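If you want the building blocks of each chain, they are given just below.
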Number of protein chains: 2
Amino acid sequence: MAQDSATTQPAPVTRQLARYLVESNGRDLPADVIHEASRGLLNWLGCALGAASHDTVAIAVRSFAPFFGPAQAQVLGRPERADILHAALINGISSHVLDYDDTHFRAVHPSAPVLPAVLALAEWRRFSGAQLVHAYVLGVEAEIRIGLSVFPEHYDRGWHITGTAGVFGAAAATSKLLGLDEEKTAWALGIAATQSSGLREMFGSMCKSFHPGHAAQNGLGAALLAEQGFTSSDRALEAPRGFGHVLSSRFDPETITQGLGGSYELLRNMYKPYACGLVMHAVIDACLQLRREHSLTAERIATIQATVSPLVTELTAKPAPGTGLEGKFSVYHALAAAIIHGAAGEAQFSTEAVRDPRAIVLREQVSIVVEPTMRKLEGKVRIELRDGTVLERHVEHALGTLEHPMSDADLEDKFRALVQDTLPPGRVAELIDACWNVFQLEDAGVVARLAASTP
Amino acid sequence: MAQDSATTQPAPVTRQLARYLVESNGRDLPADVIHEASRGLLNWLGCALGAASHDTVAIAVRSFAPFFGPAQAQVLGRPERADILHAALINGISSHVLDYDDTHFRAVHPSAPVLPAVLALAEWRRFSGAQLVHAYVLGVEAEIRIGLSVFPEHYDRGWHITGTAGVFGAAAATSKLLGLDEEKTAWALGIAATQSSGLREMFGSMCKSFHPGHAAQNGLGAALLAEQGFTSSDRALEAPRGFGHVLSSRFDPETITQGLGGSYELLRNMYKPYACGLVMHAVIDACLQLRREHSLTAERIATIQATVSPLVTELTAKPAPGTGLEGKFSVYHALAAAIIHGAAGEAQFSTEAVRDPRAIVLREQVSIVVEPTMRKLEGKVRIELRDGTVLERHVEHALGTLEHPMSDADLEDKFRALVQDTLPPGRVAELIDACWNVFQLEDAGVVARLAASTP
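Just so we're clear, the structure is a prediction, and the values are computed from it rather than from any experiment. (Residues numbered from 1 in each chain as written. Chains lettered and ligands numbered in written order. Predicted model: local features only at pLDDT ≥ 70, side-chain atom pairs only at ≥ 80, totals over all residues. Heavy atoms only, no water.)

Caption draft 1: Expanded view of the domain arrangement of chain A. For chain A, the assigned domains are domain 1 (13-271 + 434-450) and domain 2 (278-395). Look at where the C-alpha atoms of domain 1 of chain A and domain 2 of chain A centre, and you get two points 35 Å apart. (Domains from an automatic or database assignment.)

Here is the structure:
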């Protein structure tokens with residue numbers, strides 16, 4: 001039953017969600033969920049480490065370092081340690097700076113608001129890897145369900161749902177770690193609700209990645225306040241002046257509670273193989289496959305024709321990008337880089353790579369055909385070689401979709417590429433191991449401490 | 001021109017407001033505005049000090065003390081010092097716990113989100129009293145104008161405007177103190193916009209006073225980020241996916257910019273003489289006046305009949321309150337206490353005062369007549385004495401309204417009553433002096449340091 005009116009008596013969904021969070025037992029987590037949590041952790045950690053020296057992160061650290069409390073938690077990929085609230089903030093920012101983190105198949109970047117809060121708290125209070133995984137799974141469950149209860153109207157209105165729903169994820173996950181009871185968990189969700197914020201107007205500025213950081217910090221703060229008895233509404237989600245009705249024109253409370261515990265939203269999480277917009281991924285896939293199978297080099301190619309959905313030209317039609325960031329919005333550059341480097345990671349979208357003369361020449365050979373019937377993550381490529389040979393490839397589901405997920409090895413490769421400038425090689429292998437075995441770790445803080453950079 | 005549609009090209013109001021904040025010169029502040037700033041400071045400080053030991057404040061301190069950074073700023077009325085962000089948060093909470101702080105004549109509690117941010121920053125970076133006053137005046141100007149640009153639709157939707165507009169006030173004021181240029185001030189307003197939050201669903205819980213604290217902390221953080229170059233939208237107020245259109249069904253950008261600098265919203269600020277809802281103030285006034293003029297005591301009184309606007313019975317119709325908080329929502333108790341004590345401050349709304357047998361007897365002699373034509377802050381009282389004498393008083397404008405403002409002496413009395421249990425008497429006088437002379441202080445931090453409690 002969808003509920004559009006603030007006058008209908010609402011179901012006590014906040015309490016129901018709180019009860020589920022309290023009663024959920026980590027021993028009941030299915031093996032595939034635990035494995036997906038390792039994959040999510042590895043992918044998230046790579047993104048955060050890969051962005052650790054980015055301007056956005058450096059400025060945030062510079063701004064807040066004078067206010068850091070005791071050195072309780074690691075700022076990932078950097079020498080600094082901070083109190084857990086600032087660690088959650090900064091690590092939340094670095095998670096999303098590259099826009100390379102995970103995406104739930106319908107909405108929200110699930111890990112960026114949740115894992116920074118959970119990892120910082122686990123490091124400080126010495127929770128086990130199994131506790132961290134359980135909290136992470138539950139945080140994602142809460143944030144996705146709450147996000148979908150108002151999606152897409154809420155997003156269409158202008159809210160950045162990764163921030164607005166993310167704060168609930170962080171609050172739910174850290175409430176679980178702290179062992180709060182049902183009433184206090186409901187309060188934590190309420191304290192989260194009253195901090196829910198983040199505007200899509202910020203896209204294109206540093207504030208976009210501030211949103212998951214702010215959500216992580218505030219969700220963690222909500223659980224810490226509730227733990228000490230700071231009261232809130234216990235129906236913050238469904239009340240007429242609560243989250244659902246105030247921040248959206250449509251609110252469906254059943255999305256939050258129906259079938260809780262019977263399935264896990266984390267299993268519908270997707271990882272990006274390429275460091276650019278999802279809509280280009282299918283044609284990048286096609287180029288990489290043809291390159292591999294035919295040992296292609298740029299010199300052998302006469303033309304590249306990509307057939308794509310209209311979204312691709314709407315979002316990524318920049319024919320002559322000048323910077324790394326512009327390169328991420330140029331399907332021309334993405335395909336040229338894929339052929340030249342056999343990859344489309346962060347390095348291929350650096351300003352240096354975008355200004356590489358080989359890339360400048362090759363992207364002039366790329367042409368785009370828009371095909372309105374094509375799905376968002378579908379694409380076709382037709383490459384004509386200088387010797388007249390024509391190679392074609394149709395990719396129905398890009399790598400990284402639920403239909404064609406990245407393999408564990410793909411995720412390791414992505415991680416290694418992201419962290420190569422941040423961590424020494426020995427540490428990289430240790431950290432990959434720690435992620436795969438996180439559920440067995442006695443002290444989950446190991447993951448954070450291995451992710452320190454030595455100055 | 002009101003602007004309802006997100007498709008109309010909006011005026012660059014964020015930039016216009018930022019430019020005003022940058023160009024405003026403290027030497028141009030009129031004397032009455034400077035004096036009102038002293039009054040506002042004194043009133044705010046009394047409220048914060050009076051609530052310093054309240055549960056809400058104690059729990060917030062206990063929750064966040066493990067994360068406090070360096071001892072940069074005073075937590076008012078308590079022994080703790082904290083980093084400026086936590087000081088702003090805690091002092092913002094204590095400002096509003098008693099619901100006894102100032103109210104702009106149309107909307108928003110102006111000082112609670114602004115002064116905690118300004119005072120903490122001034123204490124840490126050693127700004128002068130004149131700089132503090134100027135920043136306070138500008139912060140209030142920004143927050144009230146932004147609040148009114150979406151009022152009342154935004155409030156009616158369920159937003160607690162003291163939080164949602166307050167964050168802009170804190171950001172504007174601290175941007176001024178930090179001397180940010182126009183672009184960075186616009187960014188600070190943008191970083192504030194994307195943190196704007198606070199739901200009316202929280203009324204009745206500790207989260208209500210959390211809102212101005214959160215606004216103070218986040219607005220200050222916004223200015224600190226912008227100072228270091230953290231980018232944001234520079235049209236966060238007016239953009240289609242910005243504050244005005246996302247958080248309200250109506251947004252009138254001209255309210256923000258029209259006549260900027262020609263008038264000061266701080267001059268339309270009101271102070272509460274009584275520690276309860278505004279709607280009861282006129283009849284409390286009437287009782288206090290009659291008591292004073294006729295040396296009334298409870299024993300002499302047969303009946304008290306109050307004639308009030310319908311709002312009074314809607315909001316404060318509790319005939320037999322059992323706790324201090326319930327007493328604040330009982331016009332019966334308020335009038336009884338006014339007669340018994342000749343006052344209606346915090347002490348008269350303690351649980352002890354509410355359970356005082358004299359009050360229990362006298363409030364049974366109170367009756368209420370609703371008069372629909374009466375204005376919100378108007379009221380009449382008719383007291384019949386046991387000897388048959390009838391005394392009547394009609395108060396058209398309650399004490400504390402713009403038409404009948406509290407005098408400086410009234411504000412001092414209110415301050416003294418609020419802080420008597422927190423500060424030693426000598427310090428009270430010093431602090432009152434510091435408030436009246438704040439514009440002349442070389443180091444505004446004196447105000448904060450005088451407001452420490454010695455453990």
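Having put the structure on the table, let's press on.
Caption draft 2: The UniProt feature "domain: MmgE/PrpD C-terminal" (unreviewed entry) in chain A, seen in detail. The UniProt record annotates "domain: MmgE/PrpD C-terminal" (unreviewed entry) at residues 274-437 of chain A. The straight-line gap between the two end C-alpha atoms of residues 274-437 of chain A is 26 Å; of that span, 44% is helix and 16% is strand. (UniProt positions renumbered as here; feature names shortened; annotations may be inferred. Helix = DSSP H or I, 4+ residues; strand = E, 2+ residues; numbered from the N terminus.)

Caption draft 3: Summary view of helix α17 (residues 331-341) of chain B. Residue and element names in this part refer to chain B. Summarising burial for α17: 10 of the 11 residues are buried, a large majority. Listed in full, the buried residues belonging to α17 are V331, Y332, H333, A334, L335, A336, A337, A338, I339 and I340. Within two residues after α17, G342 carries a phi angle of roughly 65°, on the positive side. (Buried < 20%, exposed > 50% of the residue type's maximum accessible area, 1.4 Å probe, protein only.)

Caption draft 4: Local environment of the pattern of salt bridges. Under the definition given, this model contains 46 salt bridges over all chains. When the shortest N-O distance is used, the salt bridge between R145 of chain A and E141 of chain A registers 2.8 Å. One end of the pair is R145 of chain A and the other is E141 of chain A, both in helix α6 (residues 129-150) and 4 residues apart, which spans about a single turn. Considered together, R145 of chain A and E141 of chain A belong to a single accessibility category, that of buried residues. Of the charged contacts in the structure, one is a salt bridge between R39 of chain B and E36 of chain B, with a shortest N-O distance of 3.2 Å. With R39 of chain B and E36 of chain B both in helix α2 (residues 31-50) and 3 residues apart, the pair spans about one turn of that helix. (Salt bridge = Lys/Arg side-chain N within 4 Å of Asp/Glu carboxyl O.)

Caption draft 5: Up close: empty space enclosed by the protein. Enumeration over the complete set of coordinates arrives at 3 cavities of 30 Å³ or more. As a volume, the largest cavity reaches approximately 300 Å³. Lining the largest cavity are 26 residues, and of these Q217 and N218 of chain A together with H214, Q217 and N218 of chain B lie nearest its centre. Counting only elements with at least two residues in the lining of the largest cavity, the list comes to α4 (84-97) and α11 (207-227) of chain A together with α4 (84-97) and α11 (207-227) of chain B. Residue composition of the lining of the largest cavity, by class: 12 nonpolar, 12 polar and 2 charged. (1 Å grid on protein atoms, 1.4 Å probe; cavity = no way out; pocket = protein on both sides within 12 Å on 5 of 7 lines; lining within 4 Å. Points joined across faces, edges and corners; volume = space filled by probe spheres on them. Nonpolar A, V, L, I, M, F, W, Y, C, P; charged D, E, K, R; others polar.)

Caption draft 6: Representation of the packing of aromatic side chains. Applying the stated rule across the entire model yields 9 aromatic pairs over all chains. For the cation-ring pair, K414 of chain A lies above Y100 of chain A, with the distance from its terminal atom to the ring centre recorded as 4.0 Å. The residue whose ring lies beneath R200 of chain B is Y155 of chain B, and the NZ or CZ to ring-centre distance is 3.8 Å. (Phe/Tyr/Trp six-rings, centres within 6.5 Å; stacked < 30°, edge-to-face > 60°. Lys NZ or Arg CZ within 6 Å of the ring centre and 35° of its normal.)

Caption draft 7: Spotlight on the environment of F349 of chain A. Tracing the chain through its elements places F349 of chain A in the loop between α17 (331-341) and α18 (351-355). For the pair F349 of chain A and G324 of chain A, spaced 25 residues apart in the sequence, the C-alpha separation amounts to 4.8 Å.

Caption draft 8: Structural context of the interface of chain B and chain A. Listed as interface residues are 59 residues of chain B and, on the opposing side, 59 residues of chain A. With both chains or domains summed, chain B and chain A bury close to 4,800 Å², and 64% of this area falls on carbon and sulfur atoms. In this structure, the connection of chain B to chain A is made through 0 salt bridges. Linking chain B with chain A are 24 residue pairs in polar contact (both at pLDDT 80 or more). Those elements that place two or more of their residues in the side of chain B that touches chain A are α3 (55-64), α4, α10 (182-193), α11 and α12 (243-246) of chain B. Partitioned by chemical class, the residues of the side of chain B that touches chain A number 26 nonpolar, 26 polar and 7 charged. (Contact = heavy atoms within 4.5 Å. Buried area = accessible area lost by both parts, 1.4 Å probe. Polar contact = N/O pair within 3.5 Å; in protein donor to acceptor, adjacent residues only side chain to side chain.)

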